[in-house]
Structure formats: C-alpha cells, structure tokens
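A look at the structure
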Amino acid sequence: MSRSHVSEPTWRKASRSSDPSIAACVEIAAIDDRRAVRDSKNPSGPELSFTVAEWRTFVGGIKSEKFEL
C-alpha cells in the first residue's frame, strides 16, 4: 500500500544543542512506527532508523548510565 501524501518528519534536538560550544548534536524524529536519528550538522545526510522497542531500550541504557565512559 502506498501513500499519496507523505509529510515531512518533525525533527527535534536536545535543548542543550542551542549552546554554541556544543557542536555535535543529533536530531530525532518519529516516522510512522519507527524512530530516526540524524546528524544536525548534515540534515540531508544519512539517517539511522530504529523500532520503538529498540529506541526505548537505547534511551533506557542512557538513563541508567550503561554507556558512560
């Protein structure tokens, strides 16, 4: 089934990204039943796409500091 009208996703980025001293930032968008991530410095570049379950697992890992260096 194809769509006759596809709307552009609404990309969001962290509120901290408004700080000019933080150059690296990603943007997130909900696209149908997936979550997409892209580099804010290259919005026409590639995007990574995840299921909602994968995204929730990733965000949960961040919140529990599983990825701290």
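Report follows, based on the coordinates. Keep in mind the model is a prediction, meaning the values are calculated, not measured. (Residues numbered from 1 in each chain as written. Predicted model: local features only at pLDDT ≥ 70, side-chain atom pairs only at ≥ 80, totals over all residues. Heavy atoms only, no water.)

**Re the sheet that holds strand β1 (residues 12–13)**
Backbone hydrogen bonds hold the strands of a sheet together, and the pairing may be parallel or antiparallel. Rule in force here: Two strands are said to pair when DSSP picks up at least two bridges between them. Each helix corresponds to a stretch of at least 4 residues labelled H or I by DSSP, and each strand to a stretch of at least 2 residues labelled E; elements are numbered beginning at the N terminus. Residue contacts are defined here by distance: any two heavy atoms, one from each residue, within 4.5 Å place the two residues in contact. Here, axes are lines fitted to C-alpha atoms. For helices the fit covers the stretch in contact, and angles between N-to-C directions go from 0 to 180 degrees.
Pairing within the open sheet is antiparallel, and its 4 strands lie in the order β1-β2-β3-β4. At either end of the open sheet lies a strand with only one pairing partner, and these are β1 and β4 (47–51). Packing against the sheet, helix α1 (residues 52–63) makes contact with β2 (26–31), β3 (34–39) and β4, and its axis sits at approximately 100 degrees to β4.

**Let's talk about the packing of aromatic side chains**
Put simply, the rule reads: Each aromatic pair joins two rings of Phe, Tyr and Trp (for Trp, the six-membered one) with centres within 6.5 Å, and gets the label stacked for planes under 30 degrees apart, edge-to-face for over 60, and tilted for any other angle. Each residue gets one of three labels from its accessible area relative to the maximum for its type: buried under 20%, exposed over 50%, partly exposed in between, using a 1.4 Å probe on protein chains only.
Applying the stated rule across the entire model yields 3 aromatic pairs. Between Phe-58 and Phe-67, the aromatic rings sit 5.7 Å apart at their centres with planes inclined by 35 degrees, giving tilted as the arrangement. For Phe-58, a relative accessible area of 38% puts it in the partly exposed group. Aromatic ring contacts, followed pair by pair, group Phe-50, Trp-55, Phe-58 and Phe-67 into a single cluster.

**Structural notes on the side chain of Glu-27**
The line we're drawing: Residues adjacent in sequence count toward polar contacts only when both atoms are side-chain atoms; beyond that, a polar contact is any pair of N or O atoms within 3.5 Å, and within protein one must be able to donate a hydrogen and the other to accept it.
Among the structural elements, Glu-27 can be located in strand β2. Residue class for Glu-27 comes out buried when judged on its relative accessible area of 10%. Side-chain polar atoms of Glu-27 contact the side chain of Arg-38, separated by 2.6 Å. With sequence-adjacent residues up to four places away left out, Glu-27 is seen in contact with Trp-11, Arg-12, Lys-13, Ala-36, Val-37, Arg-38 and Ser-40.

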